[in-house]
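Listed here are the chains, written in short residue letters.
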Amino acid sequence: MRRTEVFDEQVKQSLNRKAEEIEISEVLFQKIKAQVIQKEEENKMGGFFKNRKMKKMIMVGAASLLSITCIAAPIILPALNSWESHGRTSFESFPTLAQVQKEVDYTPKYIDELPGGFVFKRASTENIEGKDADENTVVKAKGISFFYEPIEGSKGRILSLDTKQLAEEWMNSGEAEEIGLDDLKVYYEARTMKFVPVDYELTEQDKQDQEAGKIDISYGTDTIQVINTQAITWYEEGITYTLLDMGYELDKEQLLEMVEAVYAVE
Amino acid sequence: MEEIELIRKVREGDKEAFGALFERYKVQAIRTVYLITGDQYRSEDIVQEAFVKCYLSIHKLRNPEQFRAWFFRILTRLAWRNDVRAKRMVPTEDIMEVMNKKADQISLENIYLQSETQRLLQGEIEKLGSEHQMILILYYYNELSVKEIAKVVGCLEGTVKSRLHTARGQLKKALIARQESKVENGEGEGYEAYRGI
């Protein structure tokens with residue numbers, strides 16, 4: 001063997017030995033397939049909020065309330081290829097205006113109790129980025145969400161007031177119902193979310209329901225969960241607000257009362 | 001089934017065909033990325049992203065016969081971008097997990113069986129600049145031709161040859177330096193063979 005060939009062989013063997021250190025996860029293809037299906041569904045729906053980082057959090061079983069909120073919030077923003085959200089700080093007690101201002105550089109309207117006996121439980125801040133198809137960041141924003149519970153506890157349900165400092169141009173009402181509340185225009189939408197494990201195979205019923213717009217499928221949870229969600233979104237002075245009900249199944253009128261209570265804050 | 005036929009089916013949305021394509025490329029894909037990043041966790045994420053991107057944009061591939069180069073282009077670009085961002089560092093809280101994982105992977109048997117030359121080579125390959133290292137990996141591990149590498153990396157064939165030559169030169173220099181050091185210490189292994197290559 002020539003000297004060049006000896007050297008080449010040594011380099012090849014060295015790389016092969018190093019490469020053999022890594023093992024391939026058995027669920028890798030399932031994760032790929034789940035992500036492909038998710039993206040196909042998102043592309044079909046057009047304006048659905050896409051959040052890869054948050055989906056990854058759910059896939060390792062660390063579904064924070066904020067991540068579920070982001071995935072379920074039906075009225076957000078299209079025009080870009082994807083939105084990423086990164087959770088930051090959280091408040092376990094009702095934050096002051098100064099504290100909120102310090103964390104997110106703006107002060108939304110928010111209250112410590114929503115009508116119907118829902119009291120403040122905690123708040124979380126986030127940074128979000130909207131990216132185009134080439135992964136370039138097109139818009140960045142900060143947000144803070146306030147979570148509320150009845151006295152008896154949430155029992156796994158969510159009622160939140162999500163705020164993001166995003167211009168109105170990024171808001172897409174999609175198929176939401178437009179409702180006038182005095183001088184405020186709000187958008188109401190109801191959806192059923194089905195959370196499934198990564199290796200879940202869609203049934204014929206699932207496919208029919210998806211086609212009919214009755215359910216949204218989201219991959220990554222350990223068990224199958226079906227949750228009815230409602231959201232009311234509005235825009236005011238540079239801030240997009242979303243009141244989100246996941247699982248409480250409150251009346252629309254009750255949700256609108258909550259919106260009015262927040263809107264009335266001076 | 002022929003690869004071209006598989007690609008045609010994947011274009012039609014056939015997920016079984018996509019699975020078959022995955023099976024053909026998964027080992028090389030994950031090992032290539034691992035050679036670039038040196039990190040198992042990130043490697044899997046990158047490979048996942050590459051296959052997803054591959055499926056969603058396979059309709060853009062004009063010539064199915066070029067699939068291999070096209071796919072490795074997606075893969076190496078993601079690996080490159082990720083590696084530059086991560087700079088091979090992990091968050092402090094993860095470092096013990098990573099170190100323990102590396103210790104498990106490199107068994108004692110592996111260490112004893114591996115010749116000193118290869119250990120040295122591995123170390124020197126990791127010291128190469130990212131561009132040179134990537135070309136070395138694509139040439140020696142993936143056994144792509146210079147022409148294919150040029151397509152994957154997006155540069156001229158002359159540039160590929162030049163970088164390959166530089167990378168090989170650096171590795172040989174290291175081997176020779178090691179030999180000279182061993183001779184001074186009264187030891188010896190045939191690194192003389194690498195002079196003048």
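On a predicted model such as this, the values are computed, not experimentally measured, just so you know.

Another point: the interface of chain B and chain A. Taken residue by residue, the interface counts 46 residues in chain B and 34 residues in chain A. The contact between chain B and chain A buries some 4,000 Å² in all, and 65% of this surface belongs to carbon and sulfur atoms. Area buried by chain B at its contact with chain A is led by Gln48, Gln118 and Tyr140 of chain B, which between them contribute 16% of it. Here Lys12 of chain A makes a salt bridge to Glu143 of chain B, at a shortest N to O gap of 3.4 Å. Our enumeration of links across chain B and chain A arrives at nine residue pairs in polar contact (both at pLDDT 80 or more). Counting only elements with at least two residues in the side of chain B that touches chain A, the list comes to helix 2 (15-37), helix 3 (40-57), helix 6 (108-113), helix 7 (116-127), helix 8 (130-141) and helix 10 (157-184) of chain B. Considering every element that reaches the side of chain B that touches chain A, the biggest residue donor is helix 3 of chain B, with 11 residues.

What follows is about the confidence of the model for chain A. Averaged over all residues, the pLDDT of chain A equals 76, while 74% of them reach at least 70. This stretch, residues 45-81 of chain A, has a pLDDT under 50; its non-local contacts, to residues over four places away or in other chains, come to 117 contacts.

Counted according to the given criterion, the structure contains 19 aromatic pairs over all chains. Relative to Phe71 of chain B, the ring of Phe67 of chain B lies with its centre 5.9 Å away and its plane at 10 degrees, an arrangement referred to as stacked. Note that Phe67 of chain B and Phe71 of chain B are positioned in helix 4 (residues 67-86) at a spacing of four residues, about one turn of the helix. By the burial criterion, Phe67 of chain B is buried, and Phe71 of chain B matches it. Ring plane angle 85 degrees and centroid distance 5.0 Å describe the contact between Tyr139 of chain B and Tyr140 of chain B, whose orientation is recorded as edge-to-face. The exposure class of Tyr139 of chain B is partly exposed, given its relative accessible area of 30%. The ring of Tyr188 of chain A carries the charged tip of Lys252 of chain A above its face, separated from the ring centre by 4.8 Å. The positively charged end of Lys172 of chain B is found above the aromatic ring belonging to Phe7 of chain A, 4.9 Å away from the centroid.

The rules behind the values
- Residues numbered from 1 in each chain as written.
- Chains lettered and ligands numbered in written order.
- Predicted model: local features only at pLDDT ≥ 70, side-chain atom pairs only at ≥ 80, totals over all residues.
- Heavy atoms only, no water.
- Contact = heavy atoms within 4.5 Å.
- Buried area = accessible area lost by both parts, 1.4 Å probe.
- Salt bridge = Lys/Arg side-chain N within 4 Å of Asp/Glu carboxyl O.
- Polar contact = N/O pair within 3.5 Å; in protein donor to acceptor, adjacent residues only side chain to side chain.
- Helix = DSSP H or I, 4+ residues; strand = E, 2+ residues; numbered from the N terminus.
- pLDDT = per-residue confidence, 0-100.
- Phe/Tyr/Trp six-rings, centres within 6.5 Å; stacked < 30°, edge-to-face > 60°.
- Buried < 20%, exposed > 50% of the residue type's maximum accessible area, 1.4 Å probe, protein only.
- Lys NZ or Arg CZ within 6 Å of the ring centre and 35° of its normal.

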